[in-house]
Amino acid sequence: MKEKILTNLRILDPSQKIDEIGNIIINEKGKIKSIGKKTKISDASKFSEKIDLKGKVAIPGVVDMKAFVGEPGFEYKENFRTLTQAALAGGVTSIVTMPNTKPIIDNVSMVDFIIRRGRDKAKVNLFPCASITRNIEGKQMTEFGLLKARGIIGFSDVNKTIQNTELMSRVMNYASDLDVLIMQHAEDQEMSKNSCINEGEVATRLGLKGISYIAEKIIIERDLSLLSEYPCRYHINQISSKKSLSVIKKNKSNGVKFTTGVSINNLSLNQNDIGEFRTFLKLSSPLREEQDRLSLIEGIKNDLIDVIVSDHVPEDEESKRLPFAQAASGSIGIETLLPLALELYHNNSLPLDKIIKCLTINPAKILKINKGTLKKDADADICILDLEKPWIVKAVDLKSKSKNTAIENRKLQGKVLMTFLNGELVYSN
Amino acid sequence: MAIIKNFSAVKKIPKHLLGIQNLSIKEANLILSEAKNFIRLNRSTSKKLDLLRGKTQINLFFEPSTRTQSSFELAGKRLGADVMTMNVGNSSLKKGETILDTAMTLNAMHPDIIVVRHQDSGAPNLLSQKVNCSVINAGDGLREHPTQALLDALTIINRKGKIEGLKIAICGDILHSRVARSNIYLMNMLGAEVNVISPKTLMPVSIEKLGAKAFTDMKKGLDGCDIVMMLRLQNERMQGSFLPSKREYYEFFGLSPEKLKYAKKDALIMHPGPMNRGVEIDTKLADDINVSLVKEQVELGVAVRMACLKLYCK
């Protein structure tokens, strides 16, 4: 690979606390050779490829901590190739994949398969998760140590909670010794049984069983009190309610160490968007009230929430064109994660560097991976943005194999122009 | 016949009857005034009309029903339609067919109207997007049962002359009741004040936003009420998680002659049926023709459904 120099960029990298006009030089090995306002065009070798990006914004490639790839078992919903295309078009260069495939990723041979398959088919950094319990049944824990050694980044039962308190305490106790990341879906399964949307006026009107905010809060409270006994790397996958934030705040100020994520959907939509049974907005965690959405934004501002995820869940038509209660949960979102997050900047909800931080260096730190940064010698995973470009989301134009976007026809401002992976231009619009 | 002709110039009505929520006050009044004319017809010796001759009505029942299904069937037949009733609950669905597959199959038979009942809220809405004919919701999940509310309204108007200004109490399992929801919307729309009375575990969140005052005490909730609507308490609700026992429920929420005294002197009782005698309502009270409108509700149900079929069948 030839050396490259990207010139005239606004470089925004929260990992180095920089927001300045400058240049980026990428060496032949695909690493950042030099970056910033002090990097001169003359620093690059004569033979380097020059790309002038006048006025555009460069950020580290986005790290998405929660996405579902249909392989194996659900190739008709999404495969590595389509997921890659969608991710790169959205400036995402690192993806944490969920283990609820078929079969479930809960043993070493499955890990080998998924890593091999990902290496062959996906042109994006993949970080597979394994399940916390075998077959996601919430009974027996998986082989954390062996799985970690084979390349598993973290453990999650995806949208199932470890309901059994004794098991959860053992999971944490065991995990603390192995330094593995436990990612919990916080929703009491007894309380949320058969429910599909937020408990409140909308649920009452639509005649649907609601999920109370207490279902989320009670698991967070339980886990955090277990965590003070068994301090392990603990991450709450995504929270949805205002009340959960007050628990998080209290525990953080007491010095309990853990991290929290939120889905971009919960930051951009609320329960009223469900309208008359729009199943594409049936999500887990559920969309809640506007005041919950606003407080989640506050939570990011106050560093109570560390990560914004796409919660990318591709579903085919058949799984969605059903009565609401029977329809599958989830929406695609990896391609629109960054543009939709930029909406929060354009409408003055959040400062730009905070949004980028939650999409890059913060998840990288939680995962302990050397991504989400444009520091010297880091892999040159770069996303080039036109911050102002207006566009309208159309499901047919999205790259995912499934078209279940929750934000069809949404007018967005800000689009990914180019994505570099290890210094190579892998997407350009 | 002469009276009916006056109303035969059908005013504009939406294509489907999915819920009271989607209905305007004009449309509700149109259905009610049409229905009034059918009351007399239904009481006469010759009950058959040919308003819907040549039309095909399909009753698609995914959930078992006795009175609603027979009421719709009779209504269609009295208007001269070809009525077919399908109980899907135990056939196609078990073979893995989805509601939309069923809808497409039926649609190919060119029905003029489909009457649907389904255990999932919103199923008729989904169906209505896929078929070419009108869809009437005969009850979906916990969401709406519009024709029940309309027949309740007609029954009240028939006895009390009007709905405006009345105070109506709905008592029982509000949480799982589509009848309660449809009635809250309709009675509010027609100018009544609505109280709902139920144990806390059977009271939906934010019910007051639908237009009802919530009570957990029969004495307070029934105070000054003209109409007392009792709801059926399903047996499975009594197995521990919502309520401790039938006995306790009847003690606090069952309608007895003593509790009825909290309401107005001339208060009348309604029930969508089927009743659990001795659980939500005292058995003598249920049969007392001076206060109970239960039989009238069933009778006028046919008239209301005839009106709906006539207006929506195009």
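Provided above is the structure to which this section pertains.
Just so it is clear, the model here is predicted, and its values are computed rather than measured.

### Section: unusual backbone geometry
Turning to step 1, where the next piece is worked out: Of the consecutive residues Lys102(A) and Pro103(A), the connecting peptide bond is found in the cis state with omega at 0°.
Turning to step 2, where the next piece is worked out: Along the polypeptide, Pro103(A) turns up in the loop between β7 (92-97) and α2 (108-121).
Turning to step 3, where the next piece is worked out: Between Gly273(B) and Pro274(B) the backbone carries a cis peptide bond, its omega angle lying at -10°.
Turning to step 4, where the next piece is worked out: Residue placement: Pro274(B) occurs in the loop between β9 (268-270) and α11 (283-287).
Turning to step 5, where the next piece is worked out: Backbone geometry places Asp311(A), a non-glycine residue, at a positive phi of 50°.
Turning to step 6, where the next piece is worked out: Considering the arrangement of structural elements, one finds Asp311(A) in the loop between β15 (307-309) and α10 (317-320).

### Some points on the pairing of strand β3 (residues 113-118) of chain B
Residue and element names in this part refer to chain B.
Turning to step 1, where the next piece is worked out: Taken across its six residues, β3 has six buried, putting it largely inside the fold.
Turning to step 2, where the next piece is worked out: Burial of β3 is two-sided: the residues Ile113, Val115 and Arg117 facing one way and the residues Ile114, Val116 and His118 facing the other way are all buried.
Turning to step 3, where the next piece is worked out: Relative to strand β4 (residues 134-140), β3 runs parallel, the two being bridged by five bridges. Paired with valine 115 across the two strands is isoleucine 136, which belongs to β4.
Turning to step 4, where the next piece is worked out: You can see the chain leave β3, run along helix α5 (residues 123-128) and come back into β4, and the turn it takes is right-handed.

### Here's the deal with the interface of chain B and chain A
Turning to step 1, where the next piece is worked out: With 24 residues of chain B in contact, the opposing surface of chain A contributes 16 residues.
Turning to step 2, where the next piece is worked out: When the two sides are added together, the surface that chain B and chain A hide from each other amounts to roughly 1,600 Å², 54% of it contributed by carbon and sulfur.
Turning to step 3, where the next piece is worked out: Per-residue buried area on chain B facing chain A is highest for Asp120(B), Ser121(B) and Val205(B); these three make up 26% of the total on that side.
Turning to step 4, where the next piece is worked out: At the boundary of chain B and chain A, one finds one salt bridge.

### Focus: the pairing of strand β13 (residues 233-236) of chain A
Residues and elements named next belong to chain A.
Turning to step 1, where the next piece is worked out: Here β13 shows no split at all, with Arg233 and His235 on one side and Tyr234 and Ile236 on the other all buried.
Turning to step 2, where the next piece is worked out: Two elements, strand β10 (residues 181-184) and β13, share four bridges in a ladder whose sense is parallel. If you follow glutamine 184 over to β13, its bridge partner there is isoleucine 236.
Turning to step 3, where the next piece is worked out: In terms of strand pairing, β13 meets strand β14 (residues 259-263) through two bridges, oriented parallel. Looking across to β14, one finds that isoleucine 236 is bridged to threonine 260.
Turning to step 4, where the next piece is worked out: Each parallel crossover has a hand, and the one from β13 via helix α7 (residues 242-253) to β14 is right-handed.

### Some words on a positive patch on the surface
Residues and elements named next belong to chain A.
Turning to step 1, where the next piece is worked out: Among the surface-exposed residues, Lys17, Lys357, Lys365 and Lys375 lie close enough to one another that they form a single positively charged patch.
Turning to step 2, where the next piece is worked out: Considering the arrangement of structural elements, one finds lysine 17 in the loop between β1 (4-13) and β2 (18-26).
Turning to step 3, where the next piece is worked out: Accessibility expressed as a relative area gives 78% for lysine 17, which makes it exposed.

### Thoughts on the packing of aromatic side chains
Residues and elements named next belong to chain A.
Turning to step 1, where the next piece is worked out: A complete count under the given rule lists six aromatic pairs over all chains for this structure.
Turning to step 2, where the next piece is worked out: Aromatic side chains phenylalanine 144 and phenylalanine 155 sit 4.6 Å apart centroid to centroid with 45° between the ring planes, which places their arrangement in the tilted category. Taken together, the residues span a long stretch of sequence, with phenylalanine 144 in helix α3 (residues 144-149) and phenylalanine 155 in strand β9 (residues 154-156) at a distance of eleven residues.
Turning to step 3, where the next piece is worked out: Its relative accessible area of 0% is what places phenylalanine 155 among the buried residues.
Turning to step 4, where the next piece is worked out: By way of ring pairs, the aromatic residues Phe68, Phe74 and Tyr76 are connected into one cluster.

### Digging into helix α3 (residues 67-78) of chain B
Residues and elements named next belong to chain B.
Turning to step 1, where the next piece is worked out: Counted at 1.5 Å a residue, the expected span for α3 with its twelve residues is 16 Å, and the 16 Å between its end C-alpha atoms agrees.
Turning to step 2, where the next piece is worked out: Thr68, Gln69, Ser71, Phe72, Ala75, Gly76 and Arg78 are the residues of α3 that are buried.
Turning to step 3, where the next piece is worked out: Glycine 80 sits one or two residues past α3 and shows a positive phi near 90°.

### Some remarks on α2(A)
Residues and elements named next belong to chain A.
Turning to step 1, where the next piece is worked out: Here α2 spans 20 Å end to end across 14 residues, near enough to the 20 Å set by a 1.5 Å rise per residue.
Turning to step 2, where the next piece is worked out: Of all the positions in α2, only Val108, Met110, Val111, Ile114 and Gly118 are classed as buried. Buried residues of α2, viewed axially, fall in a sector of 155°; they line one side. Relative to its buried face, α2 has exposed residues pointing more than 90 degrees away, namely Ser109, Arg119 and Asp120.
Turning to step 3, where the next piece is worked out: Taken together, the buried residues of α2 touch α1 (80-89), β8 (125-130) and α3.

### Structural notes on the state of the cysteines
Turning to step 1, where the next piece is worked out: Under the definition given, this model contains zero disulfides over all chains.
Turning to step 2, where the next piece is worked out: Distance from the sulfur of Cys358(A), which forms no disulfide, to the nearest cysteine sulfur (Cys383(A)) is 16 Å.
Turning to step 3, where the next piece is worked out: Cys358(A) sits in the buried class, given a relative accessible area of 1%.
Turning to step 4, where the next piece is worked out: With no disulfide partner, Cys308(B) has as its closest neighbouring cysteine sulfur the one in Cys313(B), 12 Å distant.
Turning to step 5, where the next piece is worked out: Exposure remark for Cys308(B): the relative accessible area of 0% places this residue in the buried category.

### Looking at the pattern of salt bridges
Turning to step 1, where the next piece is worked out: Counted according to the given criterion, the structure contains 32 salt bridges over all chains.
Turning to step 2, where the next piece is worked out: Asp140(B) serves as the salt-bridge partner of Arg143(B), at 2.9 Å between the closest nitrogen and oxygen. Comparing Arg143(B) with Asp140(B), the two get one shared label, buried.
Turning to step 3, where the next piece is worked out: Linked by salt bridges that have partners in common, Lys31(A), Lys371(A), Asp379(A) and Asp381(A) make up one network.

### Observations regarding the sheet that holds β3(B)
All names here are of chain B.
Turning to step 1, where the next piece is worked out: The strand order across the open sheet built from four strands is β2-β1-β3-β4, with neighbouring strands paired in parallel fashion. What marks the edges here is a single partner per strand, and that holds for β2 (82-87) and β4. Each adjacent strand pair in this sheet contributes to an overall mean axis angle of 15°, direction not counted.
Turning to step 2, where the next piece is worked out: Pairing geometry for strand β1 (residues 56-61) and β2, over six bridges, is parallel. Residue glutamine 57 lies in a different strand from β2, and its bridge partner there is valine 83.
Turning to step 3, where the next piece is worked out: This element, α3, spans β1, β2, β3 and β4 of the sheet and lies at about 175° to β1.
Turning to step 4, where the next piece is worked out: With respect to the sheet, helix α4 (residues 99-107) is in contact with β1, β2 and β3, its orientation differing from that of β1 by roughly 165°.

How each quantity is defined
Residues numbered from 1 in each chain as written. Chains lettered and ligands numbered in written order. Predicted model: local features only at pLDDT ≥ 70, side-chain atom pairs only at ≥ 80, totals over all residues. Heavy atoms only, no water. Helix = DSSP H or I, 4+ residues; strand = E, 2+ residues; numbered from the N terminus. Buried < 20%, exposed > 50% of the residue type's maximum accessible area, 1.4 Å probe, protein only. Pairing = 2+ DSSP bridges. Right-handed = clockwise from strand over helix to strand, strands pointing away. Contact = heavy atoms within 4.5 Å. Buried area = accessible area lost by both parts, 1.4 Å probe. Salt bridge = Lys/Arg side-chain N within 4 Å of Asp/Glu carboxyl O. Patch = residues over 30% accessible without salt bridge, like charges linked within 9 Å, V, L, I, M, F, W, Y side chains within 5 Å. Areas by Shrake-Rupley, 256 points an atom, 1.4 Å probe, with all protein chains shown as cover. Lys, Arg positive; Asp, Glu negative; His and termini not counted. Charge placed at Lys NZ, Arg CZ, Asp CG, Glu CD. Phe/Tyr/Trp six-rings, centres within 6.5 Å; stacked < 30°, edge-to-face > 60°. Expected span 1.5 Å × (residues − 1). Arc of directions from axis to C-beta. Disulfide = S-S within 2.5 Å. Axes fitted to C-alpha atoms, helices over the stretch in contact; angles between N-to-C directions.

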